[in-house]
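# Reading the structure
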Amino acid sequence: SQQGEEDPQALSIQEGENATMNCSYKTSINNLQWYRQNSGRGLVHLILIRSNEREKHSGRLRVTLDTSKKSSSLLITASRAADTASYFCATGRSGTYKYIFGTGTRLKVLA
Amino acid sequence: GAGVSQTPSNKVTEKGKYVELRCDPISGHTALYWYRQSLGQGPEFLIYFQGTGAADDSGLPNDRFFAVRPEGSVSTLKIQRTERGDSAVYLCASSLAGGMNTEAFFGQGTRLTVV
């Protein structure tokens, strides 16, 4: 079963624009991670945010976490064609060690 | 090695056959995960190892699936009597300590096709 739901399912933007993806989840979490996946193969870890954190930055990435709404957002600023990929959120649930992935957002950045 | 290595990268097998998929985690990582990803879906948890033991195998779909990690490093996912529905990309990940605010690093996956 998948806990997270990403929104939107697909997003198409022009190079240079910002891209925002949202993730909602259902149960209490210890942390939430965002991953990027190219061509349906390996996942690349982008950022981890703990449940007691509200915002984290890494380069052009900004992640927010609202535990009261059980949601997170990933913002990619000044997007590039190379950012074209699928983006997934994965939640680390309280009391377990496994990560539960969402359904993903397919981002396409047009040059 | 520098990253998580999975072999083979692609595997085609006939329905009913037995397959083994191998994962070499990052050296020193005690936690190891197996996930399965179908086309257009997010990765689905299968099993988690802490050291040599399977700490959580709740994601294994049925008793045709089994995984081992005998020395706490390399892991093998074994699928008996494969079915066409087993076709997917099987992903392995490792992390330093396992869950609890440690990031997991993924391999490139093994694409299994059952014909």
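In case you missed it, the structure is sitting above this.
Overview of the structure. Sequence positions are assigned chain by chain, starting from 1 and proceeding in written order. Written order decides the labels, with chains lettered from A and ligands numbered from 1. Per-residue local features are limited, in this predicted model, to residues with pLDDT of at least 70; the limit for side-chain atom pairs, both in listing and counting, is 80 or more; totals at the level of whole chains, interfaces and linings are taken over all residues. With hydrogens and water stripped out, all remaining heavy atoms of the structure feed into the side-chain values.

## Here we look at the overall build of chain A
In DSSP terms, a helix is any run of H or I states spanning at least four residues, a strand is any run of E spanning at least two, and both are numbered starting from the N terminus. Per the secondary structure count, chain A includes 0 helices and 11 strands. Helices and strands in chain A line up, N terminus first, as β-β-β-β-β-β-β-β-β-β-β. In this setup the radius of gyration rests on C-alpha atoms only. A globule is expected at 2.2 Å times the number of residues raised to 0.38. Relative to a compact globule of 111 residues, whose C-alpha radius of gyration would be 13 Å, chain A shows 13 Å and is just as compact. Under the scheme applied here, a residue whose accessible area is under 20% of the maximum for its type counts as buried, over 50% as exposed, and between as partly exposed, the area being computed with a 1.4 Å probe on protein chains only. For chain A, the proportion of its 111 residues judged to be buried stands at 49%. Whether two residues are in contact is decided by their heavy atoms: any pair within 4.5 Å suffices. Contacts spanning at least 24 positions in sequence make up 55% of the contacts within chain A whose residues lie at least 6 apart.

## Some thoughts on the pattern of salt bridges
Residues and elements named next belong to chain B. We define a salt bridge as a contact between a side-chain nitrogen of Lys or Arg and a carboxyl oxygen of Asp or Glu at a distance within 4 Å. Summed over all chains, the structure comprises 7 salt bridges over all chains. Note that Asp 24 is salt-bridged to Arg 22, the shortest N-O span being 2.8 Å. One salt bridge in this structure joins Glu 44 and Arg 36, with 4.0 Å as the shortest N-O distance. Each of the salt bridges in this network shares a partner with another, and the network as a whole consists of Arg 64, Glu 83 and Asp 86.

## A look at the sheet that holds strand 6 (residues 55-58) of chain A
Residue and element names in this part refer to chain A. By this definition, two strands are paired if DSSP reports at least two bridges between them. Strand order in the open sheet formed by 5 strands is 1-3-8-7-6, and the pairing between neighbours is antiparallel. Whereas interior strands pair on both sides, the edge strands pair on one side only; in this sheet they are strand 1 (5-7) and strand 6. Direction aside, neighbouring strands of the sheet carry axes that sit 15° apart on average. Inspection of the sheet shows strand 7 (residues 61-66) paired to strand 8 (residues 71-76) by 6 bridges, in the antiparallel sense. From the neighbouring strand, Thr 64 faces strand 8, where its bridge partner is Ser 73. Between N-to-C directions, angles cover 0 to 180 degrees, with each direction set by a line fitted to C-alpha atoms, over the stretch in contact for helices.

## Some remarks on the sheet that holds strand 1 (residues 5-7) of chain B
Residues and elements named next belong to chain B. Strand order in the open sheet formed by 4 strands is 1-3-8-7, with antiparallel pairing between adjacent strands. Edge positions in the sheet fall to strand 1 and strand 7 (65-68), since each of these pairs with one other strand and no more. Geometrically, the sheet is characterised by an average inter-axis angle of 15° between neighbouring strands, direction not taken into account. Across 5 bridges, the pairing between strand 3 (residues 19-24) and strand 8 (residues 75-79) is antiparallel.

## Here we look at the state of the cysteines
All names here are of chain A. We call a pair of cysteine sulfur atoms a disulfide whenever their separation is within 2.5 Å. Taken as a whole and judged by the stated rule, the model has 2 disulfides over all chains. One disulfide bridge connects Cys 23 with Cys 89, the sulfur atoms lying 2.0 Å from each other. As the torsion about the S-S bond is roughly 65°, the Cys 23-Cys 89 disulfide counts as right-handed. In this pair, Cys 23 sits in strand 3 (residues 19-24) while Cys 89 sits in strand 9 (residues 85-93), placing the two residues 66 residues apart along the sequence. With respect to class, Cys 23 is no different from Cys 89; both count as buried.

## Brief notes about the nonpolar core
All names here are of chain A. In terms of nonpolar packing, the biggest core is built from 21 residues, with Leu 32, Trp 34, Leu 74, Ile 76, Tyr 87 and Leu 107 touching the most fellow members. Secondary-structure elements contributing two or more residues to this core are strand 3, strand 4 (29-37), strand 5 (43-50), strand 7, strand 8, strand 9 and strand 11 (105-110). Those residues in contact with Ile 76, other than ones at most four positions away along the chain, are Glu 17, Asn 18, Ala 19, Met 21, Arg 60, Leu 61, Asp 83, Tyr 87 and Leu 107. To form a nonpolar core, buried Ala, Val, Leu, Ile, Met, Phe, Trp, Tyr and Cys residues must be joined to one another through side-chain atoms within 4.5 Å.

These values are about where atoms sit, not about what they do.
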